[in-house]
Amino acid sequence: MTGRAMESKKVVSFKSLNKTVGRFSLKERTFLIPQMNRIGGHLLAATFRGFGIHAKVMDTCRGLDLGKEFTSGKECYPCQITTGDILHFMNKEKQRLGDAFDPDRYIYFMPESSGPCRFGMYNKYQRIILDSLPDLHRLKIGSLTTDDGYSLSGIIDSQRVSDLRRASYFSVVVADILDRLLWRIRPYEKEPGITDAFIEESMHRMEDIFEKHGPGKEFDRILDAMEAIIEEGRELIDPGIPPKPLIGMVGEIYLRSHVQANQDLIRVLERYGGEVVNASIAEWMNYTSYDRLRDAKISFRLSMKQLRFGSMKKHLKKIVDFGSELYYQEFRQKKIYDRLASRIGIAGDHKVGHLEKVLKENDVFSFDAGTEACLSIPGIVEYAREGFNGVVNVYPFTCMPSTITSSIIKPMMNQLGIPYLDTPYDESIQPGREAAIRTFMYQAYQHFSQHGRKAV
Ligand code: SF4
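This write-up is about the structure you can find in this document. Everything quoted here is computed from the prediction, not taken from an experiment.

1. What to know about the overall build of the chain
Here's step 1: When helices and strands are tallied, the chain shows 17 helices and nine strands.
Here's step 2: Taken over the C-alpha trace, the chain has a radius of gyration of 23 Å; the compact-globule value for 456 residues is 23 Å, and the two agree within 12%.
Here's step 3: Along the three orthogonal principal directions, the C-alpha set of the chain runs to about 80 × 60 × 50 Å.
Here's step 4: Across the 456 residues in the chain, those meeting the buried criterion constitute 56%.
Here's step 5: In the chain, 76% of the contacts between residues at least 6 apart in sequence involve partners at least 24 apart.
Here's step 6: Here the chain carries 63 positive and 59 negative side-chain charges, and the mean point of each set is 5 Å from the other.

This is how it looks when you write it as structure tokens:
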């Protein structure tokens, strides 16, 4: 073999990163959604099914051994979990279908985000793993990106894209409220276990509702069903149990939402006497729209200074598109919370624009740097100002944005006098975990007895 031929053999082809990672039509495919927050995943899948897409939420953590086998240990924990989830699912489908198994029948959903952290690399890394396994090079990875605010164009008929996006966003907010309902009732439940069973049953009820009423955007009918659920939920609360210290939770979106990955942290905090409010998923979606709008405004101003009229026109269009999307999302989210949250005392959400102002006040970080630290740092400050009794930051071990959050926020929390706890996770059980949580809750109790708590 000539030297030239040997050289060309060493060249790795990244063709598959373009051809089998991206936005694909979901027609006649099964759309596989990894489980992050259980309720959100199921309501989103139900909404997609309403639009005629065969969407399915995959089991999670059953294939963690496979996830570890095909990663080196240096990847973020969510990457290991989701790698295991898709490999496990594919193995099971192969066993179930035998010769009829065809990886081309599925689209595996793995979104990405641009910016300084590693989330943009999960789908590329998983592509390389899938390509190394028999047949799985034919499994496409459907990827939406924060670059265009998770646009859904291309995956369904163009005239239905806007409806699907709006119904999906609605499902995300309703799922946030169902989660918050769980955390609102469970610490005060009349009998142990009734809240979990009730929320599980309510989630399935809402799946049917979204499948039926999501495509027609019959939002009032969906909210009627949620109102009925909240009324039933109120009955599960024992009025004799006094209010408990209120704990705010922020951090990396996957870890703080994925119950198995964070070793059921909210339940542990409840066991030691807390009531918890976790940051929402809609907040992240609003942030991606806000950030795109912010970028478009910056680019527009720059083009104006340079008198580049073509570029000005392009960025102006983006400002209108992202601006109206953000306006719609915040308007819709507010409407939902206005109607539902006060019925049982569910905490509202922070507006992203307000969080940027809080960040600027303290001048400790900037939206220019991006990542979830933009939400977590001011989110913690807001929790402290609103009268929460403690804040927990949840994240994968070595997560860059959350480590930045931790380093910036710790001295600020000392000044504010609010108990604060970092809880990094990988698959191991840290020996001092329970002791750290117990100590944190003891401090939160002290704060609660001295200052009372925010009424939600
Ligand atoms: S946010 Fe953290 S865990 Fe998630 S990809 Fe980035 S570095 Fe990894």
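Past the structure itself, the notes keep going.
2. Structural notes on the sheet that holds strand S2 (residues 30-33)
Here's step 1: Read across the open sheet, the five strands follow the order S1-S5-S4-S2-S3; overall the sheet is parallel. Strands with a single pairing partner mark the edges of an open sheet, and in this sheet they are strand S1 (21-22) and strand S3 (54-57).
Here's step 2: The pairing of S2 with S3 spans four bridges and is parallel. Residue pairing across strands places Thr30 opposite His54, the latter belonging to S3.

3. Here's the deal with the nonpolar core
Here's step 1: Within the largest apolar cluster, 120 residues are counted, with the highest numbers of intra-cluster contacts made by Phe31, Phe48, Leu181, Met206 and Leu269.
Here's step 2: With 15 residues, the top contributor of residues to this core is helix H7 (residues 161-185).
Here's step 3: Judged by nonpolar contacts, the second largest core, of 21 residues, contains Met58, Phe89, Tyr108 and Tyr122.

4. Looking at the packing of aromatic side chains
Here's step 1: Counted by the stated rule, this structure contains 13 aromatic pairs.
Here's step 2: A ring pair is formed by Phe170 and Phe219, whose centres lie 4.0 Å apart and whose planes are at 10°; its orientation type is stacked. Taken together, the residues Phe170 in helix H7 and Phe219 in helix H9 (residues 219-234) connect sequence positions 49 residues apart. The two residues Phe170 and Phe219 agree in class, both being buried.
Here's step 3: Seen in terms of ring centroids, Tyr445 and Phe448 are 6.5 Å apart; in terms of plane orientation they differ by 75°. Their pairing is edge-to-face. In this pair, Tyr445 and Phe448 are both assigned in helix H17 (residues 433-451), three residues apart and thus about one turn of the helix distant.
Here's step 4: The class for Tyr445 is partly exposed, based on a relative accessible area of 37%.
Here's step 5: Grouping aromatic residues by their ring pairs yields a cluster made of Trp284, Tyr287, Tyr290 and Phe367.
Here's step 6: In this arrangement the basic side chain of Arg166 is found over the ring face of Tyr328, its NZ or CZ atom lying 3.9 Å from the centre.

5. Points about unusual backbone geometry
Here's step 1: One non-glycine residue, Gln263, adopts positive backbone phi at about 55°.
Here's step 2: Position of Gln263 among the secondary structure elements: in the loop between helix H10 (253-257) and helix H11 (265-271).
Here's step 3: Owing to a relative accessible area of 17%, Gln263 belongs among the buried residues under this scheme.
Here's step 4: Although it is not a glycine, Asp264 adopts a positive phi angle of roughly 55°.
Here's step 5: For Asp264, the position within the fold is in the loop between H10 and H11.

6. Overview of the site of the ligand
Here's step 1: What surrounds the ligand is the set Cys76, Cys117, Arg118, Phe119, Tyr122, Glu252, Pro396, Cys399, Met400 and Pro401.
Here's step 2: Residue classes in the shell around the ligand are distributed as eight nonpolar, no polar and two charged.

7. Looking at the environment of Ile128
Here's step 1: Structurally, Ile128 is set in helix H6 (residues 122-131).
Here's step 2: Take Ile128: its relative accessible area is 47%, and that puts it in the partly exposed class.

8. Quick look at helix H16 (residues 400-416)
Here's step 1: Compared with an ideal rise of 1.5 Å per residue, which puts 17 residues at 24 Å, H16 spans 24 Å between its outermost C-alpha atoms and is within 8% of the ideal.
Here's step 2: Of all the bends in H16, the greatest reaches close to 35° and is centred on Ile409; the proline Pro411 follows between one and four positions later.
Here's step 3: Where H16 is buried, its residues touch strand S6 (246-251), helix H14 (352-362), helix H15 (373-386), strand S8 (390-396) and strand S9 (420-425).

9. Some details on the pairing of S3
Here's step 1: Alternating residues of S3 divide into Ala55 and Val57, all buried, and His54 and Lys56, none buried.
Here's step 2: For the crossover that starts at S2, traverses helix H3 (residues 38-50) and ends in the parallel S3, the hand is right-handed.

10. Concerning the sheet that holds S8
As a general point, the strands of a sheet are linked pairwise by backbone hydrogen bonds and lie either parallel or antiparallel.
Here's step 1: Pairing is parallel across the open sheet formed by four strands, whose spatial order is S7-S6-S8-S9. Two strands in the sheet have a free side with no partner beyond their single neighbour: strand S7 (275-278) and S9. Each strand axis lies, on average, 25° off the axis of its neighbour in the sheet, ignoring direction.
Here's step 2: By the bridge criterion, six bridges tie S8 to S9 in an arrangement that is parallel. For Asn393, the partnering residue across the bridge sits in S9 and is Asp422.
Here's step 3: Packed on one face of the sheet, H15 meets S6, S7, S8 and S9 and runs near 170° to S6.

What counts, and where the lines are drawn
- Residues numbered from 1 in each chain as written.
- Predicted model: local features only at pLDDT ≥ 70, side-chain atom pairs only at ≥ 80, totals over all residues.
- Heavy atoms only, no water.
- Helix = DSSP H or I, 4+ residues; strand = E, 2+ residues; numbered from the N terminus.
- Rg over C-alpha atoms; globule rule 2.2 N^0.38 Å.
- Buried < 20%, exposed > 50% of the residue type's maximum accessible area, 1.4 Å probe, protein only.
- Contact = heavy atoms within 4.5 Å.
- Lys, Arg positive; Asp, Glu negative; His and termini not counted.
- Charge placed at Lys NZ, Arg CZ, Asp CG, Glu CD.
- Pairing = 2+ DSSP bridges.
- Core = buried A, V, L, I, M, F, W, Y, C linked by side-chain atoms within 4.5 Å.
- Phe/Tyr/Trp six-rings, centres within 6.5 Å; stacked < 30°, edge-to-face > 60°.
- Lys NZ or Arg CZ within 6 Å of the ring centre and 35° of its normal.
- Near = heavy atom within 4 Å.
- Nonpolar A, V, L, I, M, F, W, Y, C, P; charged D, E, K, R; others polar.
- Expected span 1.5 Å × (residues − 1).
- Bend = angle between axes of the 7 residues up to and from the residue.
- Right-handed = clockwise from strand over helix to strand, strands pointing away.
- Axes fitted to C-alpha atoms, helices over the stretch in contact; angles between N-to-C directions.

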